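# Architecture and fold: a report
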Amino acid sequence: MGVKLGILGLGTVGTGTVQLLQDGTGRHPLLQEIEIYKVGVRSLDKSRAVTLPKSVLMTDLDAIVNDPKVDIIVEVMGGLEPARSLILKAIENGKHIVTANKAVISRFGEEIFTSANKAGVYVMLEAAVGGGIPVIQPLKQSLSVNRIQSVTGIVNGTTNYILTRMQLEGSNFSDVLADAQKLGYAEADPTADVEGLDAADKIAILASLAFDGRIKLEDVYCEGIRQVSKTDIAYAEKLGFVIKLLAIAQTVIPPSSNPPISVRVHPTLVPKNHPLASINGVNNAIFIEGEPIGQVMLFGPGAGAGATASSVSSDILNLVASLKTSTALPNPLLGCRHQHYCQITPMAELVTRFYARFLTRDQSGVIGKIGTCFGDRGVSLESVVQTGFQGELAEIVVVTHDVREGDFRQALAEIHSLPAIDSIPSVLRVL
Ligand SMILES: NC(=O)C1=CN([C@@H]2O[C@H](COP(=O)(O)OP(=O)(O)OC[C@H]3O[C@@H](n4cnc5c(N)ncnc54)[C@H](OP(=O)(O)O)[C@@H]3O)[C@@H](O)[C@H]2O)C=CC1
Ligand SMILES: N[C@@H](CC=O)C(=O)O
Ligand code: NA
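Because the structure is a prediction, the values reported are computed rather than measured.

## Comments concerning the site of ligand 2
Around ligand 2, the neighbouring residues are Lys 102, Asn 156, Gly 157, Thr 158, Tyr 185, Ala 186, Glu 187, Asp 193, Asp 198, Lys 202, Gly 302 and Ala 303. One nitrogen or oxygen atom from the side chain of Asp 193 is found 2.7 Å from a nitrogen atom belonging to ligand 2. A distance of 2.8 Å is found between an oxygen atom of ligand 2 and a side-chain nitrogen or oxygen belonging to Lys 202. Calculation on ligand 2 without its partners gives an accessible area of 250 Å², and the protein chains cover 93% of this total. For ligand 2, the cavity whose grid points lie within 2 Å of the majority of its atoms is the largest pocket. Of all the secondary-structure elements, those providing two or more residues to the shell around ligand 2 are α6 (157-169) and α9 (197-210). Classifying every residue of the shell around ligand 2 by side-chain character gives three nonpolar, four polar and five charged.

## A few points about the sheet that holds strand β2 (residues 34-40)
The strand order across the open sheet built from six strands is β3-β2-β1-β4-β5-β6, with neighbouring strands paired in parallel fashion. Bordering the open sheet on either side are β3 (57-58) and β6 (123-124), each of which pairs with just one other strand. Sheet topology places strand β1 (residues 3-8) next to β2; six bridges connect them, and they run parallel. Of the residues in β2, the one forming a bridge with Ile 7 is Val 39.

## Observations regarding the domain arrangement of the protein
Taken domain by domain, the protein comprises domain 1 (3-131 + 306-325), domain 2 (135-301) and domain 3 (347-430). Taken over C-alpha atoms, the centre of domain 1 sits 50 Å from the centre of domain 3.

## Re the UniProt feature "binding site: NADPH" (unreviewed entry) in the protein
Mapped onto this structure's residue numbering, the UniProt feature "binding site: NADPH" (unreviewed entry) falls at Lys 102. As for its position among the elements, Lys 102 is in helix α4 (residues 102-119). Among the residues examined, Lys 102 registers a relative accessible area of 11% and is labelled buried. Setting aside anything within four residues of it in sequence, one finds Lys 102 in contact with Ala 128, Glu 187, Asp 198, Asp 201, Lys 202 and Ile 205.

## Concerning the coordination of the sodium ion (ligand 3)
Taken together, Glu 126 (O), Glu 126 (OE), Val 129 (O), Gly 131 (O) and Ile 133 (O) make up the full set of protein donors to the sodium ion (ligand 3), lying 2.3 to 3.1 Å away. Along the chain, the residues that donate to the sodium ion (ligand 3) are spaced as E-x2-V-x1-G-x1-I. An identical accessibility class is assigned to Glu 126 and Val 129; each is buried.

## Quick word on the nonpolar core
The nonpolar side chains of soluble globular proteins are, as a tendency, buried together. Ile 203 and Leu 206 are the most contacted members of the largest nonpolar core, which totals 82 residues. When residues in this core are grouped by element, the largest group, eight residues, is from α9.

## Some details on the packing of α4 against α9
Where α4 meets α9, the closest approach of the two axes is 9 Å, and the angle between their N-to-C directions is 55°. Comparing their axes, α9 and α4 come out oblique. The handedness of the crossing between α4 and α9 comes out as left-handed. The segment α4 lies against α9, with Lys 102, Ala 103, Ile 105, Ser 106 and Arg 107 engaging Asp 198, Asp 201, Lys 202, Ala 204 and Ile 205. Taken together, the residues that form the contact of α4 with α9 break down as four nonpolar, one polar and five charged.

## Considering the side chain of Lys 4
Here Lys 4 is to be found in strand β1. Assessed through its relative accessible area of 9%, Lys 4 is described here as buried. Within the structure, Lys 4 has its side chain in polar contact with the side chain of Glu 35 (distance 3.1 Å). Aside from chain neighbours lying at most four places away, what touches Lys 4 is Glu 35, Tyr 37, Lys 69, Val 70, Asp 71 and Ile 72.

## Notes on the environment of Thr 152
Take Thr 152: it is sitting in strand β7 (residues 147-154). Classification of Thr 152 by relative accessible area gives buried; the value is 7%. Distance in space between the C-alpha atoms of Thr 152 and Arg 264 is 9.7 Å, their sequence separation being 112 residues. When near neighbours in sequence (up to four residues on either side) are disregarded, Thr 152 contacts Leu 246, Ala 247, Ile 248, Leu 276, Ala 285, Ile 286, Phe 287 and Leu 431.

Parameters at a glance
Residues numbered from 1 in each chain as written. Chains lettered and ligands numbered in written order. Predicted model: local features only at pLDDT ≥ 70, side-chain atom pairs only at ≥ 80, totals over all residues. Heavy atoms only, no water. Near = heavy atom within 4 Å. Polar contact = N/O pair within 3.5 Å; in protein donor to acceptor, adjacent residues only side chain to side chain. Areas by Shrake-Rupley, 256 points an atom, 1.4 Å probe, with all protein chains shown as cover. 1 Å grid on protein atoms, 1.4 Å probe; cavity = no way out; pocket = protein on both sides within 12 Å on 5 of 7 lines; lining within 4 Å. Sits in = over half its atoms within 2 Å of the grid points. Helix = DSSP H or I, 4+ residues; strand = E, 2+ residues; numbered from the N terminus. Nonpolar A, V, L, I, M, F, W, Y, C, P; charged D, E, K, R; others polar. Pairing = 2+ DSSP bridges. Domains from an automatic or database assignment. UniProt positions renumbered as here; feature names shortened; annotations may be inferred. Buried < 20%, exposed > 50% of the residue type's maximum accessible area, 1.4 Å probe, protein only. Contact = heavy atoms within 4.5 Å. Donors = N, O, S within 2.8 Å, 3.2 Å for Na, K, Ca; no water. Core = buried A, V, L, I, M, F, W, Y, C linked by side-chain atoms within 4.5 Å. Axes fitted to C-alpha atoms, helices over the stretch in contact; angles between N-to-C directions. Parallel < 35°, antiparallel > 145°, perpendicular 65-115°, else oblique. Left-handed = near helix turned anticlockwise from the far one by under 90°.

Pasting the structure below:
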């Protein structure tokens, strides 16, 4: 008898998954053991890119998670509710879960994994981070003996696609966002992509695995890409950088048991010679540093139907394999064993380089005054460039050496109050 799937959602990811499962030739033979038993959607009237028997497609998702014949629930509907309640109900009913829903896991992970451990079922989430890139299983298994120092990722396909096209083609933000939506990369509400919230969900999940503890989503600092302008992209280019939305989790003191970590998402100037600088379009990459392994980078398509279906289906396959060889004890490398919360360092304590662009009145000595404010706070400058004019205003760009963020912000506030300063249109961190 086949392993019966109840799939919740038949949009971009659900459709890609059904297509993959229906076309088993040349793939792993265990796929033959899987039966697409029920698929839950919102509307039965929509035209679908896959053909399913009438008896399979239904709108009563509660009935699917309560159906005793269903072995695995594949939650690819997205959103917080009813996704969370359906997952919890399915777990209570003894079903394993595969989900692509980082928003639910990053917010309700504690509740979901606690219930799953109690019920003796697995919650698999490879598709939730990095789309098609295997990163969850590598962190849980292949890299788990390492002491991780940092996880730095481009983990949102939509914003990487937007920034790449803005950089390479000088395209306009809203036109490119519309393309990303048409291609099925963006979330139902693309605000989650553009504001960095999707990347924050993902880095919370990665940090939890890398640093072996729970993360409160509200502790993840988050800035999106709306304020990244063509001007900054052009200055970054001249200075030898590209701008990427990075999601970063790193220890701030040498690794120890439960070390304080910094977890954040923000647009970042990445040196052109860094491996993450060349990750373009919808691709994602996760750059991991650990001891003893050194540096590892996982790269691939971060969104889209086929790529995400690859991760969803591999999770299903892992569960099918477990069900076939079922032992009484859960496999600790597949389950979640976190009990404590990670300590998160406040942003003011972060040590990083900064890029800042100032619009100044064209008065003599402005650069000196900016330098003095920075110097008073112990902020040393790596480069200062005055290249352009915007109307009557001169444009000055600085890049600092490593500095404590709190000191940099104080200096910036002092600079802002100088009569010669018109405005500070952008402040970005530098990797
Ligand atoms: N798109 C991507 O590239 C990736 C997406 N993800 C994640 O995968 C999940 C799904 O994304 P995606 O496929 O793009 O989303 P879509 O919006 O394309 O599809 C959502 C599907 O779920 C169904 N659905 C949603 N809400 C309900 C409801 N309340 N009751 C019944 N059915 C419902 C919809 O039904 P109907 O068709 O009838 O409207 C639709 O079939 C999300 O969590 C997303 O974050 C993860 C990695 C990549
Ligand atoms: N909207 C997300 C989809 C994958 O998680 C993205 O653009 O990365
Ligand atoms: Na993945």
